[in-house]
Amino acid sequence: MAESAKTKPSANELAILGELEKKVLWLASWTIYHANHLRENVDGVKVGGHQASSASLATIMTALYFRALRPQDRVAVKPHASPIYHAIQYLLGRQSRQKLEDFRGYKGAQSYPSRSKDADGVDFSTGSVGLGVAQTLFSSLVQDYVRAHGWGLQRPEGRMIALVGDAELDEGNIFEAILEGWKQGLRNCWWIIDYNRQSLDAVIREGLWARYEALFKAFGWDVVILKYGALLQQAFRERGGERLRQWIDNCPNQLYSALVFQGGAAWRRRLLDEIGDQGDVTRLIEARSDEELARLMTNLAGHDLPSLIEAFGKVDHDRPICFICYTIKGFGLPFAGHKDNHAGLMTPAQSESLRAAMNIRPGHEWDKFEGLAVAPAELERFLERVPFAAGERQHVAARIEVPAQLPVTIQPLMSTQTGFGALLNELGRENSATAERVVTASPDVTVSTNLGPWVNRRGLFAREKMADTFKSERIPSTFNWDFSPKGQHIELGIAEMNLFILLSALGLSHAINGERLIPIGTLYDPFIQRGLDALNYACYQEARFILVATPSGITLAPEGGAHQSIATPLIGLAQDGLAAFEPAFVDELAAILAFAFDYIQRDAEGEASERNWLRDETGGSVYLRLSTRPIEQIKRAMTGELRQAIVDGAYWQRAPGPNCQVVVAYTGAVVPEAIQAVGLMAEDRRDVGLLAVTSADRLNAGWTAAQRARERGLVHARSHIEKLMADVPSHCGIVTVLDGHPATLAWLGAVRGHRVRALGVEHFGQTGSIPDLYRHYGIDANAIVAAAAALTPGRPIRHLKALP
Ligand SMILES: Cc1ncc(C[n+]2csc(CCOP(=O)(O)OP(=O)(O)O)c2C)c(N)n1
Ligand SMILES: [Mg+2]
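These figures come from a predicted structure and were not determined experimentally.

Enquirer: Mind showing me how you'd approach helix α3 (residues 82-91) here?
Expert: Side chains three or four residues apart in an α-helix point the same way, a direct result of the helix having 3.6 residues per turn. Across the ten residues of α3, ten count as buried, placing the element largely inside the fold. Within α3, burial applies to Ser82, Pro83, Ile84, Tyr85, His86, Ala87, Ile88, Gln89, Tyr90 and Leu91. Close packing links the buried residues of α3 with α1 (11-38), α2 (51-68), α4 (97-101) and α16 (376-384). In the segment just after α3, glycine 93 is the residue with positive phi, at about 80°.

Enquirer: Is there a simple way to think about the packing of aromatic side chains in this case?
Expert: Geometry of an aromatic ring pair is reported as the spacing of the ring centres plus the angle between the planes. Under the counting rule described, the total for this entry stands at 21 aromatic pairs. Relative to tryptophan 366, the ring of tryptophan 30 has its centre 6.5 Å away and its plane inclined at 70°; by these criteria the two rings are edge-to-face. Placement of tryptophan 30 in helix α1 and of tryptophan 366 in the loop between α15 (348-357) and α16 is noted, with a sequence separation of 336 residues between them. Measuring from centroid to centroid gives 6.3 Å for tyrosine 195 and tyrosine 212, while their planes differ by 80°, and the two rings are edge-to-face. Placement of the pair is tyrosine 195 in strand β3 (residues 189-195) and tyrosine 212 in helix α7 (residues 208-218), with a sequence separation of 17 residues.

Enquirer: Would you mind going over the site of ligand 1 with me for this structure?
Expert: Around ligand 1, the structure places 18 residues, and the nearest of them are Ser53, Lys78, Asp166, Asn196 and Lys329. At 3.1 Å from a nitrogen atom of ligand 1 is found a main-chain nitrogen or oxygen belonging to valine 129. Contacts to ligand 1 include aspartate 166, whose side-chain N or O atom sits 2.6 Å from an oxygen atom. Compared with its free state, where it exposes 580 Å², ligand 1 has 73% of that area covered by protein. Of the residues contributing to the shell around ligand 1, the split by class is three nonpolar, nine polar and six charged.

Enquirer: I would appreciate a short explanation of the coordination of the magnesium ion (ligand 2) in the present structure.
Expert: Each donor-metal-donor angle would ideally measure 109.5 degrees in four-coordinate tetrahedral geometry, or 90 or 180 degrees in six-coordinate octahedral geometry. For the magnesium ion (ligand 2), the protein coordination sphere consists of Asp166 (OD), Asn196 (OD1) and Gln198 (O), at 1.9 to 2.2 Å. On the basis of relative accessibility, which here comes to 5%, the residue asparagine 196 falls in the buried class.

Enquirer: Would you mind showing me how to read the side chain of histidine 342 here?
Expert: Structurally, histidine 342 can be placed in the loop between β5 (321-326) and α15. Relative accessible area serves as the criterion here: at 9%, histidine 342 is assigned to the buried category. At a separation of 2.7 Å, a polar atom in the side chain of histidine 342 contacts the side chain of lysine 329.

Enquirer: Hey, could you run me through the sheet that holds strand β18 (residues 689-693) in this one?
Expert: Within a beta sheet, neighbouring strands are joined by backbone hydrogen bonds and run either parallel or antiparallel to one another. Strands sit in the order β16-β18-β17-β19-β20 across an open sheet of five strands; the sheet is mixed. The open sheet has two edge strands with one neighbour each: β16 (650-654) and β20 (755-759). Averaged over all pairs of adjacent strands, the angle between their axes in this sheet comes to 25°, without regard to strand direction. Sheet topology places strand β19 (residues 733-738) next to β20; five bridges connect them, and they run parallel. In the sheet register, glycine 733 faces β20, and the bridge partner there is arginine 755.

Enquirer: Even after reading the chapter, I still don't get the pairing of strand β2 (residues 160-165), so can you show me in this structure?
Expert: Along any regular strand the residues' side chains alternate between the sheet's two faces. Burial runs high along β2: six of the six residues are buried. In terms of strand pairing, strand β1 (residues 74-76) meets β2 through three bridges, oriented parallel. If you follow arginine 74 over to β2, its bridge partner there is methionine 160. Bridging between β2 and β3 involves six bridges; their strand directions are parallel. Bridging across to β3, glycine 165 finds its partner in aspartate 194. Read from β2 through helix α6 (residues 172-184) to β3, the crossover connection turns out right-handed.

Enquirer: What exactly am I supposed to notice about the nonpolar core here?
Expert: Generally speaking, nonpolar side chains in soluble globular proteins are found buried as a group. Membership of the largest hydrophobic core comes to 92 residues, with the highest contact counts inside it found for Trp191, Phe216, Leu244 and Leu547. When residues of this core are assigned to their parent elements, the largest contribution, ten residues, is made by helix α5 (residues 131-148). Apart from residues no more than four positions distant in its own chain, phenylalanine 216 is found in contact with Leu169, Ile178, Trp191, Ile193, Trp221, Val223 and Cys322. In this structure, Phe581, Ile646, Val647 and Tyr777 belong to the second largest nonpolar core, which totals 76 residues.

Enquirer: Where do I start with the side chain of arginine 393 in this structure?
Expert: Of note, arginine 393 is situated in the loop between α16 and β6 (413-414). A distance of 2.9 Å separates a polar side-chain atom of arginine 393 from the backbone oxygen of proline 71. At a separation of 2.6 Å, a polar atom in the side chain of arginine 393 contacts the main-chain carbonyl oxygen of aspartate 73. Arginine 393 has contacts with Arg70, Pro71, Asp73, Arg74, Arg94, Gly121, Asp123, Phe388 and Ala511, leaving out every residue within four places of it along the chain.

Enquirer: What is the right way to look at the pairing of strand β7 (residues 438-443) in this model?
Expert: Counting buried positions over the six residues of β7 gives six, a clear majority of the element. Bridging between β7 and strand β11 (residues 518-523) involves four bridges; their strand directions are parallel. Within the sheet, the bridge partner assigned to threonine 440 lies in β11 and is isoleucine 520. Judged from the four bridges that link them, β7 and strand β10 (residues 489-492) form a sheet pairing that is parallel. Across the sheet, residue serine 442 finds its bridge partner in β10, namely glutamate 491.

The rules behind these values
Residues numbered from 1 in each chain as written. Chains lettered and ligands numbered in written order. Predicted model: local features only at pLDDT ≥ 70, side-chain atom pairs only at ≥ 80, totals over all residues. Heavy atoms only, no water. Buried < 20%, exposed > 50% of the residue type's maximum accessible area, 1.4 Å probe, protein only. Helix = DSSP H or I, 4+ residues; strand = E, 2+ residues; numbered from the N terminus. Contact = heavy atoms within 4.5 Å. Phe/Tyr/Trp six-rings, centres within 6.5 Å; stacked < 30°, edge-to-face > 60°. Near = heavy atom within 4 Å. Polar contact = N/O pair within 3.5 Å; in protein donor to acceptor, adjacent residues only side chain to side chain. Areas by Shrake-Rupley, 256 points an atom, 1.4 Å probe, with all protein chains shown as cover. Nonpolar A, V, L, I, M, F, W, Y, C, P; charged D, E, K, R; others polar. Donors = N, O, S within 2.8 Å, 3.2 Å for Na, K, Ca; no water. Pairing = 2+ DSSP bridges. Axes fitted to C-alpha atoms, helices over the stretch in contact; angles between N-to-C directions. Right-handed = clockwise from strand over helix to strand, strands pointing away. Core = buried A, V, L, I, M, F, W, Y, C linked by side-chain atoms within 4.5 Å.

So, in structure tokens, the structure goes:
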């Protein structure tokens, strides 16, 4: 058995870890050097950012991965430490040499650790700084959620750990997360700050550690400051040592960095100059060679294995901890400490001398144990017993059975937002597997996005019970706000970033906790843009969730321009990993939601299916753009065929006749205007068609994929939209309309070469009534008719009024 992380390491183990630390630094450096100097580099682009930044974390990651981490722990590694991560996985037999040789190249190890693109078990992707850090916090909350519901208790509780660059803490989303973590009773979360006092551009401000310390403590975290390594601590105990400690404690970051870069002789000059006393202090300095002095003065705790091992090993509680580890950016490399070192790359000569110092023979650079002082067999034995490597990194969770159809009572006049509330309310009544696994979350817009009825039924989640005082005081209220460990709604503060990162964590529960959830997050549509990078991040790491964004567009008329979204349909179209829908009717929404419950659980590899050319087998997350506008509902039977067409993205609400002159293609809440316009044109244009587009995103994706398939020789490939448009005569014009940016549907004309006039909203909204605003922005029935008249020859359309 591996020695427990809690026990003190033996001298032998320390010796082995020291050798591994050297090897990790070498392999990471060689990987970067190889990618820049040796691999055929066709585009001539050199990479910076990795070398110095990686070296900063080599010791900390050695201490963690080879000793402190347990199989159940999950880690977000600072983006630029990717080569260190891959080197460690290589030593553990979880990464191939080929991938290292191809680092940053096609199909090679990724520049920044990636759950989806790397093959060596990355727990959390990182890249956009700050997001991976917050992801660990929310993953801890999700672990608590899962266990509080009685799932996954057979597995030990893991720690969620982030390796954080000090400049990364400038990202506001981190602070939003800390505040939310405090509210939710965060546990089992470690943030290890690589306090190298350098960012990308330069050396950072003095004394930040004290701000961090105060801040983390204010939110209930333990703070552990790891500043000086064993050598320095020993020196401080010598005569004159106290004076040395005072000097180094007061040394400005810039000067310290500069001296690190300059080396032993510079340290000696400076120290003798400033604190030399011809007595104890001078003796302390002069007793050391230049090399020894440099080693002493750079012996920060973040590069001192025994200090790190001790600090990590002695944690015996589940409170969140922030470790502030003093490090040196580029430690062990020629440009250590230099303020410009972020993009620093070793020259051939520098690499050569590092190779010589590491005892590595030319041609043996990739050999795992080359140049190490411990016998390979002993290293092998050690690596085989590393606790971290004992478990599966990615769990596989069973699929949750979901119903093919969702019950809902459709009122004659109803908005999609009300429909959403009604659908979840119905679901909340049930005792089904689906209902059990649904978890909702909202950043202070639970009630205003219509989650209230669901929350009344299923309760709010908290690790500790908290009753609704209004209820116990018998004050009438529409909403029951009881918290308990069994609750199924996570109420967040207003920060939308937190919503998306929480969805990312909930949506990876199947892989991280081995327990699948069906996460549904709600927010106002315009505020997607507030959290967009976090949404992109969640999609990039293949988290699975349903995002319900409502209200949307200028249809939110009296609320005005600050709350009216314009660009979000384009986000829906362009965001990878997210299938976007904008239904107009509640029966469409019911079909889409049932599809979404299934779709978010799919993760089969596979090519696009030949039915609609969408990669439906691979699944993804779902975005529903909903509206508060009550719409007269159509009474119709939901056939299997209609259901499929809704999910594929469009259907003919009124099929175009053989001599069709105009097609109106609409999306979402503008359906009454589209229907009215078709009626107004009926006498003056032949066979007008009305195309209901429920997902511009999926229509577009299927069309693109089918074209690509044809170009590759699959001549019969046809996408859903191509099939729908097959019989529309070429002289026909298409007017597209939605409450959002017109480009969302403008591409429809390119499918079969029809002329298009795309209506939508391009400029900021304002207050008004729906008719006022639809008229002003040109998406009312009259504007549709005017567009059709301009697009298609024929007699004047009688009902057309002059445009405002
Ligand atoms: C959101 C975002 N903005 C900017 C960057 C570019 N960038 C990468 S690393 C970095 C700063 C690095 O400083 P630090 O976190 O202290 O890490 P170190 O390089 O010191 O290891 C920046 C600005 C990024 N990756 N993500
Ligand atoms: Mg830094």
